[in-house]
Amino acid sequence: MAIVTSVSWTSGLILFSILTAVSDGASVSSSENVAVNLGVVEIIAAVAGVVVLVVVVAICVEKRVHVESMDRGPPFWTRSLEFKQEYNGGLSAVSDGMNNLSPFHVIRDRLGQAVTDGARWDVGFTEGKHVFEVVWPAKKNRGVNSSIGLATTEVPLKKPGRLSLVGHHSQSWGFDLSSRKMVHTNKRTGGFAKQVPDRFFVYVDMDAGKVGFGEDVKALGSQALFYGYLINNVKTDRTTPMHLMIGVCAPREEVQVYYIGSDVPQGGFSLVPPVPVPGQVVVYNTGTPQQPAVAQAVPVVPDAPTY
């Protein structure tokens, strides 16, 4: 915004100078006034064109900087996670336009109707921090208004029309992956400049009432971009459970969601394995979408002596 503001001030000063010059030259003859006015119009048009061009470039630069300034690696609290079986309920609540291919894999089989269908994670959260992995192919079948976020059980699992189901209701806070906007009470609350990949991670922080997103940690490790906490101001009254929820409207659209773990003060596994130090024992996340993450201590063998 600083760039755009600077441009506005500069263009304002230029136009003010031009108008002042025109005012000072008001005493010239009639024919001269016509020539001067035409010249002024040309100058103003040229300045306006330059200003528009600079503003557009500034906006693009701001978006690029925003993406490049993202953190590498997931949030710090993911260094100590514990897989809690009681949270691994799956997407058990689905609309009548969707089917479960597995507890963690749903498909929309409603055809020929302008209806947005949803699926909700079985377990809701009132506190703590929790990590999910999502597989949602963008080019294959991720449709318009595909949304993900948090919602209470008051939010309906289907609604007529194609819309951001998660975020349309007052008791839901969503991220529309296609339009890349945040939605609450059917109002836009923010935007995001980057395309979300086929596989991404979701970081639910119920202690602060926010939801973060990031790249595939399993594939990229500590180099995975953390997009930041895009969803904010989620209700955290400690009595109303918030469920992870998705909304889809494309035919045969498939989504997979896997619970990875929840934060614990110490002794848990790290979402990104630490760099081994000879002689230490480190904890690795050995889970897969088919087999949930578990903590496993792996001894690091010291380097062999050299002679």
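Provided above is the structure to which this section pertains.
Remember, it's a predicted structure, so these values are computed and weren't measured experimentally.

Engineer: Could you give an account of the overall build of the chain, naming the residues involved and the relevant values?
Structural biologist: Along the chain, the regular secondary structure elements total five helices and 19 strands. Every one of the 307 residues in the chain was classed for burial, and the buried ones make up 43%. For the chain, the computed accessible surface area is about 15800 Å², with 58% contributed by carbon and sulfur atoms.

Engineer: Can you break down the pattern of salt bridges residue by residue, with the values?
Structural biologist: Applying the stated criterion across every chain, the model contains 10 salt bridges. Among the ionic pairs, Arg110 bridges to Asp117, the shortest N-O distance being 2.7 Å. In this structure, Arg110 and Asp117 share a single accessibility class: buried. When the shortest N-O distance is used, the salt bridge between Asp216 and Arg199 registers 3.7 Å. Pair noted here: Asp216 is in the loop between strand S14 (210–214) and helix H5 (217–220) and Arg199 is in strand S13 (residues 199–205), with a separation of 17 residues, a long-range link. By relative accessible area, which is 13% here, Asp216 ends up buried.

Engineer: Give me the lowdown on the nonpolar core, citing residues and values where you can.
Structural biologist: Ile148, Phe175, Val202 and Phe213 are the most contacted members of the largest nonpolar core, which has 53 residues in total. Where this core is concerned, the elements lending two or more residues are strand S7 (129–135), strand S8 (147–151), strand S10 (172–176), S13, S14, strand S15 (225–231), strand S16 (243–248) and strand S17 (254–263). In terms of nonpolar packing, the next biggest core, distinct from the first, is built from eight residues, Ala93, Ala151, Leu157 and Leu165 among them.

Engineer: How would you sum up the pairing of S8? Please name residues and give values.
Structural biologist: A large share of S8 lies buried, amounting to five of its five residues. Judged from the five bridges that link them, S8 and S10 form a sheet pairing that is antiparallel. Pairing of Gly149 across the sheet is with Gly174, part of S10. Relative to S16, S8 runs antiparallel, the two being bridged by five bridges.

Engineer: Describe the packing of aromatic side chains, and please don't skip the residues or the numbers.
Structural biologist: Within this structure, the stated rule accounts for 15 aromatic pairs. Arranged with centres 6.2 Å apart and planes meeting at 35 degrees, the rings of Phe104 and Trp121 form a pair that is tilted. On the criterion of sequence distance, the pair formed by Phe104 in the loop between strand S4 (98–102) and strand S5 (105–108) and Trp121 in the loop between strand S6 (115–120) and S7 is long-range, its members being 17 residues apart. Of the two residues, Phe104 and Trp121, neither departs from the other in class, the shared state being buried. By the ring-pair criterion, three or more aromatic residues cluster together here, those being Phe83, Tyr87, Phe104, Trp121, Phe125, Phe132, Tyr258 and Tyr259. Here the guanidinium or amino end of Lys210 rests over the ring plane of Tyr229, the centre of that ring lying 4.3 Å away.

Engineer: Tell me about the environment of Leu91, residues and numbers included.
Structural biologist: Mapped onto the secondary structure, Leu91 falls in the loop between strand S2 (81–82) and strand S3 (93–94). Residue classification places Leu91 among the buried positions, given a relative accessible area of 2%. Along the backbone, Leu91 and Trp121 are 30 residues apart, and their C-alpha atoms lie at a distance of 4.4 Å.

Engineer: Break down unusual backbone geometry for me, with residues and values.
Structural biologist: One non-glycine residue, Asn186, lies in the positive phi region at around 60 degrees. Relative to the assigned elements, Asn186 resides in the loop between strand S11 (181–184) and strand S12 (187–191). Even without glycine at this site, Arg252 takes up a positive phi of about 60 degrees. Relative to the elements of secondary structure, Arg252 occurs in the loop between S16 and S17. The exposure class of Arg252 is partly exposed, given its relative accessible area of 45%.

Thresholds, definitions, all that
- Residues numbered from 1 in each chain as written.
- Predicted model: local features only at pLDDT ≥ 70, side-chain atom pairs only at ≥ 80, totals over all residues.
- Heavy atoms only, no water.
- Helix = DSSP H or I, 4+ residues; strand = E, 2+ residues; numbered from the N terminus.
- Buried < 20%, exposed > 50% of the residue type's maximum accessible area, 1.4 Å probe, protein only.
- Areas by Shrake-Rupley, 256 points an atom, 1.4 Å probe, with all protein chains shown as cover.
- Salt bridge = Lys/Arg side-chain N within 4 Å of Asp/Glu carboxyl O.
- Core = buried A, V, L, I, M, F, W, Y, C linked by side-chain atoms within 4.5 Å.
- Pairing = 2+ DSSP bridges.
- Phe/Tyr/Trp six-rings, centres within 6.5 Å; stacked < 30°, edge-to-face > 60°.
- Lys NZ or Arg CZ within 6 Å of the ring centre and 35° of its normal.

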